[in-house]
Amino acid sequence: MIGRTGNESRDSVAMIVQIARMYHEQNMTQPAIAEQLRISQSRVSRWLKQAVEMGIVRTVVLPPEGVHPELEEQLVRRYGLRQALVVESSGDERSTMWALGAAAATYLEATLANGARVGFSSWSETLLATVDSMVPLKHRRAESIVQIMGGVGQPEAQLKATELTFRLARIAGGTPMFLPTPGIVATSSAREALFQDPNVVETAQSWERLTDVLVGIGSVTPSPLLQVSGNAVSEAQMRTLRELGAVGDVAMRFFDADGRPIDTEFNDLVVGIGVEALLKTPRRVGIAGGARKFEAIRGALRGGWVDVIVTDLETAQALVADS
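Treat the numbers as computed from the prediction; the structure is a model and nothing was measured.

Each value, and the rule that gives it
- Per chain, residue numbering runs from 1 following the sequence as it is written.
- In keeping with the model being predicted, local features are shown solely for residues with a pLDDT of at least 70 and side-chain atom pairs are shown and tallied solely at 80 or more, while totals for entire chains, interfaces and linings include all residues.
- Excluded from the side-chain calculation are hydrogens and water; included are all heavy atoms of the structure.
- Whether a residue is buried, partly exposed or exposed follows from its accessible area with a 1.4 Å probe, protein chains only, as a fraction of its type maximum: under 20%, in between, or over 50%, in that order.
- Labels follow the DSSP assignment, with helices taken as runs of H or I lasting at least four residues and strands as runs of E lasting at least two, numbered in each case from the N terminus.
- Two strands make a pair as long as DSSP finds a minimum of two bridges between them.
- The handedness of a crossover follows from its direction of travel: if, with the strands pointing away from the viewer, the path from the first strand over the helix to the second runs clockwise, the crossover is right-handed.
- By definition, residues are in contact when any of their heavy atoms lie within 4.5 Å.
- This count recognises Lys and Arg as positive and Asp and Glu as negative, with His and chain-terminal groups excluded.
- Any Lys or Arg side-chain nitrogen located within 4 Å of an Asp or Glu carboxyl oxygen qualifies as a salt bridge.
- Any pair of nitrogen or oxygen atoms within 3.5 Å is treated as a polar contact; in protein, a donor-acceptor pairing is required on top of that, and neighbouring residues in sequence qualify only through side-chain atoms on both sides.
- The definitions used throughout rest on a 1 Å grid laid over the protein atoms alone, on which a cavity is an enclosed set of points accommodating a 1.4 Å probe that cannot get out and a pocket is an open set flanked by protein within 12 Å on both sides along at least five of seven lines; lining residues are those having an atom within 4 Å of a point.
- Grid points are joined across faces, edges and corners, and a volume is the space filled by probe spheres set on the points.
- Under this grouping Gly is polar, as are all residues other than the nonpolar Ala, Val, Leu, Ile, Met, Phe, Trp, Tyr, Cys and Pro and the charged Asp, Glu, Lys and Arg.
- Here the aromatic set is Phe, Tyr and Trp, taking the six-membered ring for Trp, and pairing holds for ring centres within 6.5 Å; pairs whose planes are under 30 degrees apart are stacked, those over 60 apart are edge-to-face, and all others are tilted.
- Each patch groups residues whose relative accessible area exceeds 30% and which form no salt bridge, using 9 Å between like charges and 5 Å between nonpolar side chains of Val, Leu, Ile, Met, Phe, Trp and Tyr.
- All accessibility values rest on the Shrake-Rupley procedure with a 1.4 Å probe; residue burial counts only the protein chains present in the view.
- Note that the charge is assigned to NZ on lysines, CZ on arginines, CG on aspartates and CD on glutamates.
- Axis definition: a line fit to C-alpha positions, over the contact stretch in the case of helices; interaxial angles, taken between N-to-C directions, run 0 to 180 degrees.

(A) Up close: the pairing of strand β2 (residues 116–120). With four of five residues buried, β2 lies mostly within the body of the structure. Summarising the sheet, β2 and strand β3 (residues 142–147) pair through five bridges and their orientation is parallel. The partner of F120 across the bridge, within β3, is Q147. As paired elements, β2 and strand β5 (residues 212–216) share three bridges and run parallel to each other. What sits directly across from V118, in β5, is D212.

If you want it as structure tokens, here you go:
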């Protein structure tokens, strides 16, 4: 309902309406309005502000088809996120991964701050799609791109993790910091030995100073990519994790349906960032979607493993509808 905010006369309200029409409908500038009506520019500015306060001018945002701001806002409120991005895809898993990667690439290109120290959990379908979709940034943004987990799978797949870290560093203009190790080893003593290497120590120490992490969200059912690359988690280990309630992982740190970390001896076999360092990183961007990963994504959001989520429309709707 349009009303008066003070003691405006009918004539002054008429002037406010006239100025509002000139500014918003005729695209006249404030100086041009002031000159034509022979009033001060400060008065034009004040009356335009009053037009909003009185409800004469109302701002309406009309999102184009394929953009879902209300759903994104619901995700943010429900899970206490910094931001959510929802994308549409054709439905099959591969198309979904590439749609997510394209959206994440656009987001990173727009929001990566100068001097960022980005932790990169490399070698997943969505992260591969993200890097493939990015274009070199015009101005140097990142200070460093840091590998936060060793390579997973067969040796040739582990090398691809390093390659992907290097590619992102080149795109973002940052210095790459590699973790040239397996992501999972056979014994805790083997892990301890790796952390005696000066190069590993330097990379691991940088995990405490990260400003951002970019991660996929894994499910307890291995992705097709991980199956082809050689699943580094044995069936016996996975069985134990499932029995303890694991629904998913971020950088091979497993959690249950409520996002609580699963504490097992398996954690001592992972060569990568720890839970504490991961969760204290200021911005944690998760890129994941598809029905197979619903429980994992929900657990990651509930537990605060990520505070920015890039996901598909169907998964976002299910996350919001979940009681």
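(B) A look at the pairing of strand β10 (residues 308–312). Judged by how many residues are buried, β10 sits mostly within the fold: five of five residues are covered. Judged by which residues are buried, β10 turns out to be covered on both faces: V308, V310 and D312 on one side and I309 and T311 on the other are all buried. The pairing of strand β1 (residues 83–87) with β10 spans five bridges and is classified as parallel. Following the sheet pairing, Q83 is matched in β10 by V308. Pairing geometry for strand β9 (residues 283–287) and β10, over three bridges, is parallel. Across the sheet, the residue bridging to V285 is V308, located in β10. In this view, the connection linking β9 to its parallel neighbour β10 by way of helix α13 (residues 294–302) has right-handed handedness.

(C) Seen up close, the environment of L214. Within the secondary structure layout, L214 lies in strand β5. Owing to a relative accessible area of 3%, L214 belongs among the buried residues under this scheme. In the structure, L214 is positioned 73 residues away from I287 in sequence and 7.8 Å away in space, judged by C-alpha atoms. With near-sequence residues (within four places) excluded, L214 lies in contact with L108, G119, F120, S121, L127, L168, V285 and I287.

(D) Quick look at the side chain of R284. Its location among the elements puts R284 in strand β9. Within the buried set, R284 has no salt-bridge partner at all; the shortest N-O distance to an opposite charge, 4.2 Å, is to D307. From its side chain, R284 meets the backbone oxygen of G304 in a polar contact 3.0 Å long.

(E) A look at empty space enclosed by the protein. Inspection of every chain in the model, using the stated rule, returns two cavities of 30 Å³ or more. Counted as a void, the second largest cavity has a volume near 90 Å³. For the second largest cavity, the full set of lining residues is L108, L112, V118, M134, I145, L168, A172, D212, V213, L214, R283 and V285. Residue assignment for the lining of the second largest cavity shows that the elements contributing at least two residues are α7 (155–172), β5 and β9. Its residues assigned to classes, the lining of the second largest cavity shows ten nonpolar, no polar and two charged.

(F) The arrangement of the packing of aromatic side chains in detail. Taken as a whole and assessed by the stated rule, the structure comprises three aromatic pairs. A ring pair is formed by F195 and W207, whose centres lie 6.4 Å apart and whose planes are at 75°; its orientation type is edge-to-face. Linking F195 in the loop between α8 (188–194) and α9 (198–206) with W207 in the loop between α9 and β5, this pair joins segments that are twelve residues apart in sequence. Owing to a relative accessible area of 6%, W207 belongs among the buried residues under this scheme. When the centroid spacing of 5.7 Å and the interplanar angle of 70° are considered together, the rings of F254 and F266 count as edge-to-face. Separated by twelve residues along the polypeptide, F254 in strand β8 (residues 253–255) and F266 in the loop between β8 and α12 (275–279) bring together distant segments of the chain.

(G) Local environment of a negative patch on the surface. A surface patch of negative charge is lined by E192, D263, E265 and D268. If you trace the backbone, D263 turns up in the loop between β8 and α12.

(H) Looking closely at the sheet that holds strand β6 (residues 218–219). Spatially, three strands are ordered β6-β7-β8 in an open sheet, and the strand pairing comes out antiparallel. Each edge of the sheet is formed by a strand with only one pairing partner; in this case those strands are β6 and β8. In this fold α13 packs onto β6, β7 (248–250) and β8, with an angle of close to 95° to the strand it touches most, β8.

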